[in-house]
Amino acid sequence: MISKLDSVLLAQKKFIYNYKNMRWAKGRNETYLCFVVKRRLGPDSLSFDFGHLRNRTGCHAELLFLSYLGALCPGLWGCADDRNRRLSYSVTWFCSWSPCANCATTLTRFLRQTPNLRLRIFVSRLYFCDLEGSPHVEGLRDLRRAGVQVKVMSYKDYFYCWQTFVAHRLSRFKAWEGLHTNYVRLSRKLNRILQPCETEDLRDVFRLFGLLT
DNA sequence: ATTTTCAAT
C-alpha cells in the first residue's frame, strides 16, 4: 500500500533536481509535469485527481498529458450530463519547463475547441525564451490569448507541489539558494513576454466602454 | 565573461 502510494508520488531528489529554477539548468534533459484536475459536480462539491508525468522520447510532457485527458476528465467532450451538457473541468499543472512552440500551438487549438476546460500553467523555468521573436515566446503569448493563465512558480507553488506531489515523508519543503531571486527574474521576464497580450486586453476593455474606436 | 534548455550517444 505504501509502495503503491510512493509510486504515485515524486521522489524528493527528483523534484528538487528537475524543478530547481536556477539560471543555467544544466542537464535537465527531461521535463516533469505535476497536475491537479478538478471537476465541478455541484454547487460545492469537487472531484479531484492529481499526479505527475514525465516526457517520453518523441513526446513532450504536455502532449502526453493531453493524451491522458480523456481518462482524467470523463464527460469533457461527450454529453455525460443528464441535461446533455458537457462537464466543466479545471486543470492546473506545474511544469519544470515552459511549453515549446509546438506544444503551445497544439494546446491553444485544443482549448479553443474545449471551452469547458480551464487551464492554468505554472512553470519553473522558461524554455528557450531568451531571444525576442523566438517561436517559444510567441507560443506563450498564444496560450495567454487563448485564456490560459501562465505564471512562474514562486516559493508557495513549490511548497504546494512538495506537499501534493512529492513523497516528502513529513519533511518540509526547503528552498534552495536563490529560489526567490530566480523567481523574480523569471517572473519579470515572463511579464515582459506577455506584455503585448496584456495591452491587447486593455484595448478590449477600453473598446467595451467605448473609449476607443 | 560565461554557463542552459522535453538529448544523443
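Bear in mind the structure is a predicted one, so any value in this text is a computation, not a measurement.

### Considerations on empty space enclosed by the protein
A full pass over the atoms with the stated rule returns one cavity of 30 Å³ or more. Computed from the structure, the largest cavity encloses a volume of approximately 40 Å³. Examining the composition of the lining of the largest cavity, we find that three residues originate from one element, helix H3 (residues 61-72), more than from any other.

### Focus: the protein's contact with DNA strand B
Looking at DNA strand B, there are 21 residues lining it, with Trp 24, Ala 61, Glu 62, Ser 98 and Tyr 127 nearest. Here DNA strand B approaches the protein such that, of its atoms within 4 Å, sugar and phosphate make up 36%. Its residues assigned to classes, the surface near DNA strand B comprises nine nonpolar, six polar and six charged.

### Describing the sheet that holds strand E4 (residues 117-125)
Hydrogen bonds between backbone groups are what pair the strands of a sheet, and the pairing can be parallel or antiparallel. An order of E2-E1-E3-E4-E5 is seen for the five strands of this open sheet, with the pairing classed as mixed. Either end of the sheet is taken by a strand with one partner, and the two such strands are strand E2 (46-54) and strand E5 (149-152). Across the sheet, the mean angle from the axis of one strand to that of its neighbour is 15°, orientation sign disregarded. As judged from the eight bridges shared by strand E3 (residues 89-97) and E4, these two strands associate in the parallel manner. From the neighbouring strand, Trp 97 faces E4, where its bridge partner is Arg 125.

### What to know about the pattern of salt bridges
By the definition in use, this model includes nine salt bridges. A salt bridge links Arg 144 to Asp 201, with the nearest nitrogen and oxygen atoms 2.6 Å apart. Taken together, the positions of Arg 144 in helix H5 (residues 135-145) and Asp 201 in helix H7 (residues 179-208) put the pair 57 residues apart, joining distant regions of the chain. The exposure class assigned to Arg 144 is buried, which follows from its relative accessible area of 19%. Across the pair Lys 156 and Asp 157 runs a salt bridge whose closest N-O atoms are separated by 3.4 Å. Assessed through its relative accessible area of 57%, Lys 156 is described here as exposed. The buried category is assigned to Asp 157, whose relative accessible area is 7%. Beyond isolated ion pairs, a larger network of salt bridges with shared partners links Asp 142, Arg 145 and Glu 200.

### Points about the layout of surface pockets
Space inside the largest pocket adds up to approximately 550 Å³. If you trace the largest pocket, you find 27 residues lining it, with Trp 97, Arg 125, Leu 126, Tyr 127 and Phe 128 closest to the centre. Counting only elements with at least two residues in the lining of the largest pocket, the list comes to H3 and H7. Considered class by class, the residues forming the lining of the largest pocket number 13 nonpolar, six polar and eight charged.

### Topic: the packing of aromatic side chains
Using the criterion set out here, one finds 19 aromatic pairs in the structure. Arranged with centres 5.9 Å apart and planes meeting at 85°, the rings of Trp 77 and Phe 110 form a pair that is edge-to-face. Here Trp 77, found in the loop between H3 and E3, pairs with Phe 110, found in helix H4 (residues 101-113); they are 33 residues apart in sequence, far enough to count as distant. When its relative accessible area of 16% is taken as the criterion, Phe 110 is described as buried. Where Trp 97 meets Tyr 127, the ring centres are 5.8 Å apart and the plane angle is 70°; that geometry is what we call edge-to-face.

Cut-offs and rules
- Each chain has its residues counted from 1, running along the sequence as written.
- Each chain is given a letter, starting from A, and each ligand a number, starting from 1, according to the order in which they appear as written.
- In view of the model being predicted, local features appear only for residues whose pLDDT reaches at least 70, and side-chain atom pairs are presented and counted only at 80 or more, with totals across whole chains, interfaces and linings using the full set of residues.
- The side-chain quantities take in all heavy atoms of the structure and omit both hydrogens and water.
- Computed over the protein atoms alone on a 1 Å grid, cavities are sets of points where a 1.4 Å probe fits but cannot get out and pockets are open sets with protein on both sides within 12 Å along at least five of seven lines; a residue lines them when it has an atom within 4 Å of a point.
- Grid points are joined across faces, edges and corners, and a volume is the space filled by probe spheres set on the points.
- Counting from the N terminus, the helices are DSSP H or I runs at least four residues long and the strands are E runs at least two residues long.
- When at least one non-hydrogen atom of a residue lies within 4 Å of a molecule or strand, that residue is treated as near it.
- Following the grouping adopted for this structure description, the nonpolar residues are Ala, Val, Leu, Ile, Met, Phe, Trp, Tyr, Cys and Pro, the charged ones are Asp, Glu, Lys and Arg, and the polar ones are all others, Gly among them.
- At least two bridges found by DSSP between two strands are what make those strands a pair.
- Comment: axis = line fitted to C-alpha atoms, over the contacting stretch for helices; angle = value between 0 and 180 degrees taken between N-to-C directions.
- A carboxyl oxygen of Asp or Glu within 4 Å of a side-chain nitrogen of Lys or Arg is what we treat as a salt bridge.
- Exposure classes here rest on a 1.4 Å probe applied to the protein chains alone. A residue is buried below 20% of its type maximum, exposed above 50%, and partly exposed in between.
- Paired rings are identified among Phe, Tyr and Trp, the last through its six-membered ring, by centres lying within 6.5 Å, and are further divided according to the angle between planes into stacked (under 30 degrees), edge-to-face (over 60) and tilted (the rest).

Function cannot be inferred from these measures alone, as they are strictly geometric.
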